[in-house]
Structure formats: C-alpha cells, structure tokens
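# A look at the structure
So the chains spell out like this:
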Amino acid sequence: MPTTRPSSRLPAAAALAALLLIAGCARKGGCTGDYCGTLVIAGAGEPDILVPPVTSLSPSRDVIEQLFLKLADLGLSGNTIGDEDFQPLLAERWEWDTPTTLVFHLDPRARWQDGRAVTAADVAFTYDIYTDSLVNSPVRPTLRQIAAVTTRDSLTVVFRFRQRYPEMFYDAVYHMRIMPSHLLREVPRSQWRTAVFGRAPVGDGPYRFVAWRSGESLELAADSTFFLGRPHLRRLVWRFTPDQQVAVTQLIAGDADAVEVLITPDNRDRVRADTQLAIYPYKGVAYGYLWFNFAAPGDTTQPHPLFGDRELRRALVMTVDRGGLLRNVFGDMAKVPPGPMSQIFSIWDPETRELPHDSARAARTLTRLGWTDSDGDGIRDRDGHPLAFRLLVPTTSAPRRQYARLLQEQFRAMGVDVQLDEVDFSVFNERAHAGRFDAMLNTVNTDPTPSSGVPQSWTRAGFGGLNYGRYENPAFARLVDRAVTSVRGRDEAKRTWRAAIEVLNQDAPAIFLFATENAAAVHRRVADVRIRPDSWLALVRTWRIPADRLTDRDRVER
Amino acid sequence: MNVWNWLAVGGAAVLALVVVAEIRRRTGARASGRRFFRHPTAAPAVFVLAFFVTVALAAPLVTPYQPYFQIDIARLANHPPSTQNPLGTDPLSRDVWSRLVYGARISLGIGAIAMLVAVTTGVVVGGVAGYFRRWVDATLMRLVDVGLAMPRMFMLLMVVALWEHVPLAVLVLLIGLTGWFGTSRLVRAEVLSVREREFVAAARALGAEPGRVIFRHVLPNAAAPIIVSAALGIGNVMLLEAGLSFLGLGVPSPAPSWGNMIADGFPKMAVAPWCATFPGLAISLVVMALNAVGDALRDALDPRKETA
Amino acid sequence: MAAWLVRRLAASIAIVWAVVTLTFLIVHLAHGSPCGQPDGLPVSPAICADLTRRFGLDKPISTQYYKYLGALLHGDLGWSIALQRPVAAALAEALPNTFALALTALILDFALGVALGVYQAARERRFGDIALGNVALFVNSMPTFWLVLCPQVHAFSCVADFAWHLTLPALTLGLVGAAGTARYQRAAMLEVVRQDFVRTARAKGLRERRVLLRHALRNALLPLITLFGLTFPFLLTGAVLVETVFAWPGMGRLAVTAILQRDYPIVTAAALVASVMVVLGNLLADALYGVADPRIRVRAT
C-alpha cells in the first residue's frame, strides 16, 4: 500500500538522528585532581541579562557574581558598618584620606578575560554608568551620597562622599560591579538593557562565560589564571526549571547538585530523606507582604477609592491571621516579620509594636465606617458599592499563590470580596510599576541592611521607582533618615529604626506576611560549602569536590 | 462528613440506578434501545453520568462543607483521606470531596454548554458544506481551514491571557466556538459519502428540497459520527478546561472546577497526591462514560442496522 | 493535478495570511506595553518612549500591520521583547525539538492506533475487542497532564539525555493519540465491513484477512486521513501542556511562555509557524485522500 511507505522511513531517520545526538554528547573525559568538579545548580527562573547595572533578578545576580568583581565585599559576619569586616577583591587595599575621601588601590594582577588589565578608568566608568539616569540602574539611589569618583593613576581611584555616615564604605563597594570600559564604552546609555554584551559577557571574575541556552541552561567555566586563586569547581551549570518543586525533584534524581532555597517543609523533608544531600540553613533575605495601592489603579493623581482610608486598611490588616497563614504555607521555615524587614536585618526586633490579629475589632471598624452587608450576599457594601478589590499575584510564585487563596477566604469571611489577578511575572512587574492594581502580593529580596531598601519602598523617594504602593508619611521618612545617618552608635540607630517601623505599622500600608528562613541543599560530595546569606554563591570559588569523590559528571571533557 | 451526607450519597446512587433502570424499561420496546444496552459498558456509563449529575444537583446535601471553606489552615492542610474528609483535604485545608461535588456543577456545566455550541455549529456548517458543495463548500471549508490552522489551546490562551478579566460565560462560548471545526469536517466527509448513495440521489431526483434532503435523509445517516464526535467533544471540553486551569487561565479561584483542582494539587503531588488524583479520576471517569455512551448510541442509532 | 496544486497553494497562503492577521488583531487589541521588565525594575520614561518607538507601538494599528506584513515578506519575523533576541533565532531553536517530539509521537500514534483499530474490528464484540476498547477509552479520557503526574517530572539539560527525555512526552502524546485513533479506526472499519462490496468480496470466497486488509482497510482509511490532518498540527503546536509539564523546549512551550509574558512578536510568529504546518498537513492529507479514494480524485479537479 502506498500510504505506508513514507512512515517506514521516518522511524529509521529518527533513530539515526537520536543515535548521532547520543554519540555526540556521551564522550567521557578523564579529568582528575583537585580542579575537576562540576556543580549543576537547579532553580526556577532564568537570568534576564548579564549586565550588572541593569538587573536585580536573583538568577542574574548568581551568575554575575562569578563573572564581575566588586572592589571589596561583605565578610561572613554580614556587618555593613565601617570597613573592618570587608574582604578585598579588585582593590587589594584602601585608606581614608579624609573622613569623606576613600582611596582604593587596585590589585595589579586583575585582568579582564580578554587579557586587558583592570584599571582605575574602569572603576570611574562603572560609577558613571551606575549613576546615569538613562541607564536607570536599580541601585542608583543607593549611590546618592557619593559625590565623585576620580582616578589618581591607572591603579588608584578616589571616592568622595557628601557626608560622613556609618555605611559609607558599604555603599562604595557593595552595589557596584566593575565593568570593562573598553568593551562597553560604545554602547548607548539607553540600550544597556538590550546590550549584546549581556548574553555573552566578558568579565574579570573567577569564572568565564561559556554558553547560555534559553529556557534550558547556562554554563560557566573556571578561569584557571584567576588572580585570587584558581576555583576548584571547574564548571558551573545552571539548569532552569519551571518551578522550585521541579528543581528539588531534579536534585533528588541526581540531575542537579545544588538548590538555593527549599522554601517549604515538604521539600526539606524530601531532601532530608536522601542521604546524598546535605542541607545548609542560612538567614533569609526575602520578605513578602500584601501591598495596598494608595493611588487609584493606573492613575497616580487620584487617591485609591478604598485604600485611601487609613481606618479601612487597619481593619483589613487586623482581619488576617498572619500566623495561621504562615504555618500553612511555610511551616517553620519562615517568620511573621514585625514590619518591612527580612531576617538578615540587624534591626529585626520581635518586640516592635504592630496591629494585632483581631477580627472582631476589624468587623466593628468596618461596620462603623458604614460597610455593612445590606443586601445579604455575604459581601459588605456601602452606598451600593461592594467592599471588593483585586489582588495582583505572580503565577510563578507558588507560596504567593497559596497566600492569595488563603487571604481570599479570610477576607470573604469578613465580608470582603477579593478577586485574584494571577499573571505571569513580567506582567506582574509591568502592572506593579504602572500602578495598575488595587493590592499586590509582593516579595522583596533585601540588601544586607535596611538603609537603602526601606526608603526606596516606603518613602516618597521611591515614587516612580520601587514604591509601587505610593505610601508616604513624613514622620516615618524623618525617622528613617535619622536612623541611616546616625553616627551615635548602633544601639541608637536600632532604637530609631524601631520607632520608624512602629509609625509605619500604625499606618497599615501593607500586611507583612512572611520573612523567609533559607536552606540550601547541596550534594554531599561537595566540600567546604560556605554560604553568605546575602548572596548564596558568593563564595562558590572556594567550594570543592575532593579528588576521591569525583563522579562522571565532574570528569567529563568538553 | 456526617451520617446524613453518607445517606444522601447512597440516595444519589440509588437514584442513579433507578434512572438507568427506567431508561432501560422505557426504551426496551424499541430495537435501538435494546441495542444500546447490549453494550456491556452502556449501563455503567449511564449510571456514572446519572450519579454525578444527581450529586452535583444535590451538592449541599451530600457535602459537609462549602467548597471554599478552609477548615483549619494551620493543622488540617494536606490531610489524607479520613472518615471526616473522605477524599482528604487540600493544601488550603479545604475538603476535597466537597470541592469535587461542587466542581461537578462547574465542570459538567461548562462541558455541556460548550459542546452544545460546538456540535450545533459543526453539524450545521458541515452539513451545509457537504450537501451544497461548490462555492458554499469551498468558502466554509476555507473558514474551517483557518480555524483549524489556529491551534485551539493557543487561541484560547491568547484571548484569556491578553485580554484581562475574561468572564466565565465568554470563556465557555469561546471554547464552544473554537471547537466545531473538526466536527464540521467529519460531518462533511460523511455527508459527501452518504450523498453518493442511491437513496439520497433518489430523493433529490424526486425533487425534494435541499433542507429536507439534508435533515431527513443525509443527517440521520451521518448521525453516528456526529454523536461520537459530540460525546468526545464534551469530554474534550472538560479536558480543555482542565488544561487551561492547569496553565492558570481557566475557572478563577476560589470556585472549584475539576481542572483547577488538579492544577492546585499539582505542586503538592509528592506530599498530598489525593488533591490532584481524585479530580483527575472524576474527569477520566466522566469522560470515559461519555465516550462509552457515545459508542453505544452510535450502534443503537445506526439505521442500517434495522435491516441487518 | 497541477491546476489543483496551484489552487491549493494559493488557498494555503490565504489561510496563513488570515491566521496571521487574526493573531495580530487579537494581540494588538489587548493591553500591553514593552516597558515591563522581567526583573521588575522601573524603566525610565525616556527608555520607555524609546522602546515604544523601536517596536513601533506609537503608530496606529494599521501602520503597524502593514509594516509587520512588509517585514514578514522580507523574511523578518521581528525581535522578541522578553528574550532580547531575534524571533527567528528563538524559533530555530524550538522547532527541531518539536519536530522530534511530534514525529515520534505521530509514528506511535498511527502505527499503534491503526493496528489496534483493525484488530478490534476483526474481533468485534469478542474479548480482545472489548478489553482493548476499554483500555483505549480510559487512556483517551484522562487529562494528558494528569496522566504524567505520577512519574515525577524531569526536565533536561544536556543533549545526552535527549533520547531519554524524548521518551516520556512522546510516549504520552503517542499513547493518548493512539487510543483516539484506534477508536476512529475501529468505527470506520466496522462501517466499511457492512457495505456491499465487502460482502461481495466475502461472497467471492476471499479469505477474511485479505478482505479486511485489502478491501476494508483501504476504504476505512478515509476518515483517518481527516484525523491525520487534525493530529499533525496538534502535535506541532497543540502539545502545549505536554511540553509545559515535561519542560520540553519546543514550539508549544515557547508559545505559551510568550503569551503569558505578552511577548507579541513571538506570539504572532508562533501562530504563523503553526498555520504553515497545518496548511502543509492539510495538503498532505488531501493528496492522500486522492490516493485512497478514486471517487474523490475525480471530483477534486
């Protein structure tokens, strides 16, 4: 029969193709010794672009961390005050000429991966890029206290500050990764977000870029000539998974060696049951909250019809049983934050005054405000308008989706109708930034210190920036400013912070739901695993796989 | 779940049995009815459908909770099946059985309505195209070509994802209006081949009106594939709804549909498999029953069998 | 035949054009702005304006449409907003993956489906028919993605795993497809078997096997060809859920991601590719129709 003829050739062709593919990839190599390891990192999310000034996505950060160096970096103590606890990287040493003049001496051994030396001009160029309004780097506001960066000679660079404050050294080194000016000078400032460089970067770090397959994986290889010591792990491979659940599944299946966060007790239990895997707990840098929009959706000139009312917001906050929600979603792997803070903050203070969970009082408040269920449909209304709002949630976050459903039911029980807008992460961000939402479930990955992030999210300084909810209270802003610039010691700063947070809590601009506790899982053959909470792979160049524990994955030659 | 709920479930089962028996008794006089029940799977399939419809209608009687009620989020989430929660609880500590029953209302409703829209459109277009042929056929079939050239899931996703807040009714209508292309082709193919038979040619030669020829002579003879495709169609819609919900674009929370129940249970498959398993089983069972009924009807209604 | 081919080709181009236009309309009538960044960083108004200009979104929709069609005729599919690379490059990466998956699944689907259908028809009402019928029915009744919940999800990285990672999604698609194909095939066979010419063949004393395979099967393949025309494009682009669940980097997943991220250039291009595939599938199916049924070949000209 003529109809069967084509199909008899197809399986043969498919089989041949498959065989060729297998043969092309199954070459086993023979790497032996101390510098062979391969670490496959599985995780949800993919970098957007590998250009440090224009990204803040954590997958991008993890890769960039290996490609581009800072002048100096935070020590394991996490102390952001003064300069004693910082570790030299590109700068081999530094000194203070005056209390507001900081001089860095670059390490003469530092090289870009195309062979050029790293110079003071690169540092000045980098500062220029980070502070350019067209590039619009997310960390630009944190550099506002730096008045100028100038070069003294090819290896000496001078930072001048506008004023003296405790975290000035931290601000000088933590936010900026030095960029190669000879490769990037020609890129127009408005096009940094789409720069070709960002998909094939050339850096100065312990690893160099090898390949990036969209939607699949990204690979880096160790730079054996790295001036601060050859990394032990020869290859780093990121494998992008649809969600964290799949990442953990891959880890257990042996397809991956490391996962950044386990998130839920279920995952932790799954990993614990596997004797090949070790769990490394560390302080969480994320906190999540329901953010009320103070402005009308899509129109920042008008107040929000519901959330402009402070009493209403307070009633909504008191409606929610935050402890119950937390136990449901995170079990013991998170805490209810006493304000806008992650667990890594030194200002974390469980004594901070907050609004209680008190649904009876919330109900009384709502009734007093005129919100009663006059038509018996279970939803409160006033002047014919139901007490209803939409909650913006990113589909990519399983915990937040679960929170959204839990909140929906708690509000329904209070007679408040909540509809969910579950959208893709990029749409979520676009709408958040445009202010097109009533309320949103947001998560913030914080810096190690509150002094830059809190003003950006909760004061007027963040309008048009990261303060999507457009909350402002001058009293709060003044207290924050005092806390950040206080030179009267750490305890005084902490007290001022607490006072500020309490002012904010009374205004109820948001419902602070969770602050995560992190736990990474790494294969047991990897030794010397040290994790710095603010960036879990910051020290990966010192992780190693002893020669006697190498597997085929480590030995493979490419 | 209390005694009354169990009793109500038992009552629903008895009622479904009665329905099967009654249908059997009433159609027993006709040859087609006997042929229908000669299928070994026909009676069980009718029972399954009758049971789910009954239970869905009597939802408040057979369930202990409202479908969106969260019993105890801190202590009773992901609880395995027990006497209190016969199908367990989901990650939000909602009773899976209650959601399954209320979900039947939504899932079966969407399936039935969308299928009705789809099959009606498909039969009309296919019948007209196959009978008239020439430019009518060419035009309609090019339209169908365009429709078929747009993958259904893709098109629905596009509309639902890009246009914010698409109401459920519009979604159902869209599912229906994107589901008739295949049916119309099958119908047309069948009409084309039936049309060539002697009795249709004879009817035309006798000067019967086209509409009469189509509805009296051609369509009854093409009934078998229409019914098979309708049965598959309603199942397909239920599967499609499940798929849309799986991608987060189906029936919005907190309303339960079998599709979004699977979607919600999916991430918890490793720790609480019952959340996604039972709604999946329910879909499979109902779709299977629909397919079985379609098969049995196909044989029962085939007019050529009267003489055979 | 040549005239038929020319006419069909013209019609095919018209179909593709219609699909692209429809997609373009659906996409561009929706909300959207190119200023959403995947990482949620605020974009300065200057850059937003620049992006809007670069993607031509400040122009009226008709201008955008003509510009798009013009570029399309020159083979330019545009620039992906979310992926920050040419759309053509993204498609070139996804298409081979999808082809591999679709071909494997298609072979499994039709080989198994036709064989089962013929076998069942030959054993009508006997144990083999009923048992297989019920199994096929059950497989055909499950939500595809639910079917794969049980073997836990594995995504893949290196090409070394290619064959293995192809297995599960292809099996899933192929099996579910085969279950449906078998049902159609059985029904079609039984339909044909009752017709006069088969009875004649039997009456002539031909062996049952020859009657079934030679006379009945050939005629029973007709509805199957329609089914083929439907299945082919489904496998190429409609395998959305299977590709998503298995994280298979093919067209389906690319399209879904693009839709969810409102990456319009990719969405439109995916619709274009899908429609081209469907049109090709249809041409093939129609050609096969002609081969299988001489009555239709005569009419088709």
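A quick note: this is a predicted structure, and the numbers were derived from the prediction, not measured. (Residues numbered from 1 in each chain as written. Chains lettered and ligands numbered in written order. Predicted model: local features only at pLDDT ≥ 70, side-chain atom pairs only at ≥ 80, totals over all residues. Heavy atoms only, no water.)

Scanning chain C for helices and strands turns up 13 helices and two strands. Sorting the 301 residues of chain C into buried and exposed places 54% on the buried side. Counting contacts in chain C only where the partners sit at least 6 residues apart, residues at least 24 apart contribute 77% of the total. Of the roughly 12,700 Å² of accessible surface on chain C, 69% is carried by carbon and sulfur atoms. (Helix = DSSP H or I, 4+ residues; strand = E, 2+ residues; numbered from the N terminus. Buried < 20%, exposed > 50% of the residue type's maximum accessible area, 1.4 Å probe, protein only. Contact = heavy atoms within 4.5 Å. Areas by Shrake-Rupley, 256 points an atom, 1.4 Å probe, with all protein chains shown as cover.)

Our focus in this paragraph is the packing of helix α7 (residues 152-162) of chain B against helix α1 (residues 2-28) of chain C. With their axes 9 Å apart at the nearest point, α7(B) and α1(C) run at an angle of 20° to one another. The angle between the axes of α7(B) and α1(C) places the two elements in the roughly parallel class. As for how α7(B) packs across α1(C), the hand of that crossing is left-handed. The segment α7(B) lies against α1(C), with B:M155, B:M158, B:V159 and B:L162 engaging C:L22, C:T23, C:I26 and C:V27. Of the residues that constitute the contact of α7(B) with α1(C), the class distribution is seven nonpolar, one polar and no charged. (Axes fitted to C-alpha atoms, helices over the stretch in contact; angles between N-to-C directions. Parallel < 35°, antiparallel > 145°, perpendicular 65-115°, else oblique. Left-handed = near helix turned anticlockwise from the far one by under 90°. Nonpolar A, V, L, I, M, F, W, Y, C, P; charged D, E, K, R; others polar.)

Residue and element names in this part refer to chain A. Applying the stated rule across the entire model yields one disulfide over all chains. Disulfide partner of C31: C36, at an S-S distance of 2.0 Å. Classification of the bridge connecting C31 and C36 rests on its S-S torsion, roughly -90°, and on that basis the disulfide is left-handed. Side by side, C31 and C36 carry an identical accessibility label, which is buried. (Disulfide = S-S within 2.5 Å.)

Bringing the environment of B:L87 into the picture now. Within the fold, B:L87 resides in the loop between α4 (59-62) and α5 (96-132). Along the sequence, B:L87 and B:P279 sit 192 residues apart, while their C-alpha atoms lie 10.0 Å from each other.

So, on to a positive patch on the surface. Taken together, C:K204, C:R207, C:R209, C:R210, C:R214 and C:R218 make up a surface patch of like positive charges. By secondary structure assignment, the location of C:R210 is in helix α9 (residues 208-238). (Patch = residues over 30% accessible without salt bridge, like charges linked within 9 Å, V, L, I, M, F, W, Y side chains within 5 Å. Salt bridge = Lys/Arg side-chain N within 4 Å of Asp/Glu carboxyl O. Lys, Arg positive; Asp, Glu negative; His and termini not counted. Charge placed at Lys NZ, Arg CZ, Asp CG, Glu CD.)

Residue and element names in this part refer to chain C. On average, chain C scores 76 in pLDDT, and the residues at 70 or more come to 80%. Of all secondary-structure elements in chain C, the lowest mean pLDDT belongs to helix α13 (residues 294-300), at 50, while helix α4 (residues 87-122) reaches the highest, 87. The low-confidence segment residues 151-160, where pLDDT is below 50, has 31 contacts with residues more than four positions distant or belonging to other chains. Note that pLDDT drops below 50 for residues 297-301; the model gives that stretch eight contacts with residues more than four away or on any other chain. This complex was scored by the predictor with a pTM of 0.85 and an ipTM of 0.82. (pLDDT = per-residue confidence, 0-100.)

Counting residues at the interface gives 54 residues for chain C, matched by 56 residues for chain B. Joining chain C to chain B, the criterion identifies zero salt bridges. Counting only elements with at least two residues in the side of chain C that touches chain B, the list comes to α1, α5 (127-141), α6 (144-147), α7 (162-193), α9, α10 (240-245), α11 (251-261) and α12 (264-292) of chain C. Considering each element in turn, the side of chain C that touches chain B owes the most residues, nine residues, to α12(C). Residue composition of the side of chain C that touches chain B, grouped by class: 36 nonpolar, 12 polar and six charged.

Residues and elements named next belong to chain A. If you trace the four strands from one edge of the open sheet to the other, you get β4-β5-β7-β6, paired in antiparallel fashion. Across the chains shown, the open sheet's two edge strands, defined by having one partner strand only, are β4 (91-98) and β6 (146-153). Each neighbouring strand pair of the sheet contributes to a mean axis angle of 20°, computed without reference to strand direction. In terms of strand pairing, β6 meets strand β7 (residues 156-161) through six bridges, oriented antiparallel. Note that in β7 the partner of I146 across the bridge is F161. Seen against the sheet, helix α3 (residues 120-130) touches β5 (101-106), β6 and β7 and runs at an angle of roughly 165° to β6. (Pairing = 2+ DSSP bridges.)

Attention shifts here to the packing of helix α9 (residues 322-330) of chain A against helix α11 (residues 398-413) of chain A. All names here are of chain A. Two elements in contact, α9 and α11, have axes separated by 10 Å at closest approach and are oriented at 145°. Here α9 runs over α11; the crossing is right-handed. Contacts between α9 and α11 involve L325, L326, N328, V329 and F330 from the first element and P399, Q402, Y403, L406, L407 and Q410 from the second. For the contact of α9 with α11, a count of residues per class yields eight nonpolar, three polar and no charged.

Let's shift gears to the pattern of salt bridges. All names here are of chain A. Taken as a whole, this structure holds 44 salt bridges over all chains when the rule is applied. Notably, a salt bridge pairs E216 with R213, separated by 3.8 Å at the nearest N-O pair. Relative accessible area serves as the criterion here: at 12%, E216 is assigned to the buried category. With a shortest N-O distance of 3.3 Å, R353 and E502 are connected by a salt bridge. On the criterion of sequence distance, the pair formed by R353 in the loop between β15 (334-335) and α10 (359-368) and E502 in helix α15 (residues 490-507) is long-range, its members being 149 residues apart. Residue classification places E502 among the buried positions, given a relative accessible area of 12%.

Residues and elements named next belong to chain A. Burial within helix α13 (residues 450-458) is extensive, with eight of its nine residues counted as buried. What α13 keeps buried is the set P450, S451, S452, V454, P455, Q456, S457 and W458. Looking at the buried residues of α13, the elements they touch are β12 (277-292), α14 (474-485), α15 and β21 (510-523).

Looking now at the nonpolar core. Judged by nonpolar contacts, the single largest core of 131 residues is most densely connected at B:L157, B:M158 and B:W258. With 14 residues, the top contributor of residues to this core is helix α14 (residues 274-301) of chain B. When residues no more than four places from it in sequence are discounted, the contact partners of B:W258 are B:F52, B:L100, B:G103, B:A104, B:S107, B:M238, B:P279, B:A282, B:I283 and B:V286. Listed in part, the 80 residues of the second largest apolar core include A:L102, A:Y165, A:Y174 and A:F226. (Core = buried A, V, L, I, M, F, W, Y, C linked by side-chain atoms within 4.5 Å.)

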